Amino acid sequence: MVFKVSIVMPAYNCEKSIVNSINSILNQDYLNWELIIVDDGSKDGTYKICKQFAEKDTRIKIFKQENKGPSSARNLALSKISGELLMFVDADDTIVPNALNILVSNFNDKKIDACIYSWNIVQNGMKKAHKFSHKEIRTDKEKFFRNIAFSSDWNRYSGGYPWNKIWRLSSISKNGMIFFDARVHLLEDRLFALAALNKVNNIKVINIPLYNYVIEDNSTSHVSDNRAILLSHLEFYKAINFEKEFIQQYHPSAIDVADKALLQEQINCLWVAIHNNSNLEKKKIDKIRFDFYNTKFIFLSLKYTVKYLYLVIKLKRLRP
């Protein structure tokens, strides 16, 4: 069977990289695809570049909106798709040659609802393949779900990334399509992955790097400023609260890992706040401190146990 692959690409100020991203799709041997690009209010030449590609190839469709973030951009794209399979490509990354052929061929098995594939990490001109362990390859959907909901290593069990997964649309759209949670600006991809995994029955792990994930030295995802780190963790904490709400309602068998994720992020937020020596976001930190006092200890790791004990002692005098 020939499947149409809908590829969603949010784009923001990426004129230097998006040409390579689009060309990596145009150069695929598999031809039955559509690329839905949403320009999220770019200030550079991104939209113009995309429009030129769309004028030359009708499989490429470009939409433009005010800057609202990647969740909103992906959601707009999801409202425009028309294929049987869904995947995501970020505008600064690429897919490897023949990736679509390899991925699509697996869906001839009607039992397969999704494929999770490995990737290359590209940084400073160096490429390193991330491959799955034998344990990860042999495991089931439930194990993937639990490890995406909570893990000490975001790359284990594929992480919550949208770009290393391809979904059968009929599986993840039953009883309503899944969209990204625009209430959060970080971990929204993890929330989407969990919601999609919750709907599917059978996944297949492809231990071939089919995606090139590019890490730029100046990426906002890799900042070292203490204030930015604290704000990031506060956003993580908000998202993980939504994650726990979802798991409580739709996937209660994983509530234990949702509790672990929540405690870990409480520790992260308070740790950074204490060492930042500021009153930044004091109300939010006070709320997390209250949550921390009322959360039962769960063993996470030796490192986090030490941090937990330190915080108990350090915050004891501040306890209301």
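In case you missed it, the structure is sitting above this.
Let me sum up the structure you'll find in this document.

### A short note on the pairing of strand β4 (residues 85-88)
Then, in step 1: Neither face of β4 is open: one carries Leu-85 and Met-87, the other Leu-86 and Phe-88, and all of them are buried.
Then, in step 2: The sheet contact formed by strand β1 (residues 5-11) and β4 spans 4 bridges and is parallel. Bridging across to β4, Val-5 finds its partner in Leu-85.
Then, in step 3: Alignment of β4 against strand β9 (residues 165-168), held across 3 bridges, turns out to be antiparallel. Counterpart to Met-87 in the pairing with β9 is Ile-166.

### Here we look at the sheet that holds β9
Then, in step 1: Spatial ordering of the open sheet is given by β3-β2-β1-β4-β9-β6-β10, a layout of 7 strands whose pairing is mixed. Each edge of the sheet is formed by a strand with only one pairing partner; in this case those strands are β3 (60-65) and β10 (203-206). When the angles between neighbouring strand axes are averaged without regard to direction, this sheet yields 20 degrees.
Then, in step 2: Bridge analysis of strand β6 (residues 114-117) against β10 gives 4 bridges, and the strand direction is parallel. Each residue of the ladder has a partner; that of Ala-114, found in β10, is Ile-203.

### Side note on the sheet that holds strand β7 (residues 119-123)
Then, in step 1: The strand order β5-β11-β7-β8 describes an open sheet built from 4 strands, whose pairing is mixed. If you trace the sheet from one side to the other, it starts and ends with β5 (94-95) and β8 (126-130), each paired once.
Then, in step 2: Pairing between β7 and β8: 5 bridges, direction antiparallel. By the bridge assignment for β8, Gln-123 is matched with Met-126.

### Some remarks on the packing of aromatic side chains
Then, in step 1: Under the definition given, this model contains 17 aromatic pairs.
Then, in step 2: With a centroid separation of 6.2 Å and 75 degrees between ring planes, the pair formed by Trp-119 and Phe-132 is classed as edge-to-face. Separated by 13 residues along the polypeptide, Trp-119 in strand β7 and Phe-132 in the loop between β8 and α5 (134-138) bring together distant segments of the chain.
Then, in step 3: Judged by its relative accessible area of 1%, Trp-119 is buried.
Then, in step 4: The class for Phe-132 is buried, based on a relative accessible area of 5%.
Then, in step 5: An aromatic cluster of at least three residues, connected via ring pairs, comprises Trp-119, Phe-132, Tyr-161, Trp-163, Tyr-211 and Tyr-213.

### Considering helix α10 (residues 255-276)
Think of an α-helix as turning once every 3.6 residues; residues three or four places apart then point the same way.
Then, in step 1: Between its first and last C-alpha atoms α10 spans 32 Å; for 22 residues at 1.5 Å apiece the expected length is 32 Å, and the two agree.
Then, in step 2: With 16 of 22 residues buried, α10 lies mostly within the body of the structure.

### Looking at the pattern of salt bridges
Then, in step 1: Using the criterion set out here, one finds 15 salt bridges in the structure.
Then, in step 2: A salt bridge links Glu-188 to Arg-74, with the shortest nitrogen-to-oxygen separation between them at 3.8 Å. Separated by 114 residues along the polypeptide, Glu-188 in helix α8 (residues 188-199) and Arg-74 in helix α3 (residues 70-78) bring together distant segments of the chain.
Then, in step 3: Exposure remark for Glu-188: the relative accessible area of 6% places this residue in the buried category.
Then, in step 4: Taking the shortest distance from any N to any O, the salt bridge between Glu-235 and Lys-238 comes out at 3.5 Å.

### With respect to helix α12 (residues 302-316)
Then, in step 1: With 15 residues, α12 extends 21 Å between its outermost C-alpha atoms, agreeing within 8% with the 21 Å of an ideal straight helix rising 1.5 Å per residue.
Then, in step 2: For α12, the set of buried residues is Tyr-304, Thr-305, Lys-307, Tyr-308, Leu-311 and Leu-315. Buried residues in α12, looked at end-on, bunch into an arc of 165 degrees, giving them a common side. Across α12 from its buried face, at more than 90 degrees, point the exposed residues Leu-302, Ile-313 and Lys-316.
Then, in step 3: Contacts made by the buried residues of α12 are with α10 and α11 (282-293).

### Section: the packing of α11 against α12
Then, in step 1: It is the contact of α11 with α12, at a shortest axis distance of 12 Å, that shows an interaxial angle of 115 degrees. What the angle tells us is that α11 and α12 run roughly perpendicular. Classified by chirality, the crossing of α12 by α11 is left-handed. Packed against α11, whose contacting residues are Arg-289, Phe-292 and Tyr-293, the element α12 presents Tyr-308, Leu-311, Val-312, Leu-315 and Lys-316 at the interface.
Then, in step 2: Each residue belonging to the contact of α11 with α12 can be placed in one class, and the counts come to 6 nonpolar, no polar and 2 charged.

### Some remarks on the nonpolar core
Then, in step 1: Ranked by internal contacts, the top residues of the largest apolar core, which has 104 residues, are Val-5, Ile-18, Ile-37 and Met-87.
Then, in step 2: At 11 residues, α10 tops the list of elements feeding residues into this core.
Then, in step 3: Excluding its chain neighbours within four sequence positions, the residues that come into contact with Met-87 are Val-5, Ser-6, Ile-7, Val-8, Ile-95, Leu-100, Leu-103, Tyr-117, Lys-165 and Ile-166.

### What about the pairing of β7?
Then, in step 1: In this structure, the hairpin formed by β7 and β8 is closed by a connection of 2 residues, where Asn-124 is found at a positive phi of approximately 50 degrees.
Then, in step 2: Relative to strand β11 (residues 211-214), β7 is paired through 3 bridges, and the arrangement is parallel. When the sheet's bridge partners are listed, Ile-121 is paired in β11 with Tyr-213.

Cut-offs applied
Positions within a chain are numbered from 1, following the residues in the order the chain's sequence is written. Where totals are concerned, whole chains, interfaces and linings use all residues; where local detail is concerned, this predicted model gives features only for residues with pLDDT of at least 70, and gives and counts side-chain atom pairs only at 80 or more. Side-chain figures throughout are based on the complete set of non-hydrogen atoms in the structure, without hydrogens or water. Accessible area is worked out with a 1.4 Å probe on protein chains only. A residue is then buried under 20% of its type maximum, exposed over 50%, and partly exposed in between. Numbering goes from the N terminus for both helices and strands, where a helix is a DSSP run of H or I of at least four residues and a strand is a run of E of at least two. Note: two strands are recorded as paired if DSSP finds a minimum of 2 bridges between them. Lines are fitted to the C-alpha atoms to define the axes, a helix being fitted only along its stretch in contact, and any angle between axes, read from their N-to-C directions, falls within 0 to 180 degrees. Pairing of aromatic side chains requires ring centres within 6.5 Å, counting the rings of Phe and Tyr and the six-membered ring of Trp. Pairs whose planes differ by under 30 degrees are stacked, by over 60 edge-to-face, and all others tilted. To estimate the expected span of a helix, subtract one from its residue number and multiply by 1.5 Å. Within this document, salt bridges are pairs made up of a side-chain nitrogen of Lys or Arg and a carboxyl oxygen of Asp or Glu, the two lying within 4 Å of each other. When we speak of the arc, we mean the arc of directions from the helix axis to the C-beta atoms. Residues are treated as being in contact if the distance between any of their heavy atoms lies within 4.5 Å. Each angle gets one of four labels, with under 35 degrees taken as roughly parallel, over 145 as roughly antiparallel, 65 to 115 as roughly perpendicular, and the rest as oblique. We call a crossing left-handed when the near helix sits turned anticlockwise from the far one by less than a right angle, and right-handed when that turn is clockwise. The classification used treats Ala, Val, Leu, Ile, Met, Phe, Trp, Tyr, Cys and Pro as nonpolar, Asp, Glu, Lys and Arg as charged, and all other residues, Gly among them, as polar. The nonpolar core is taken to be a set of buried Ala, Val, Leu, Ile, Met, Phe, Trp, Tyr and Cys residues, with the residues joined through side-chain atoms within 4.5 Å.

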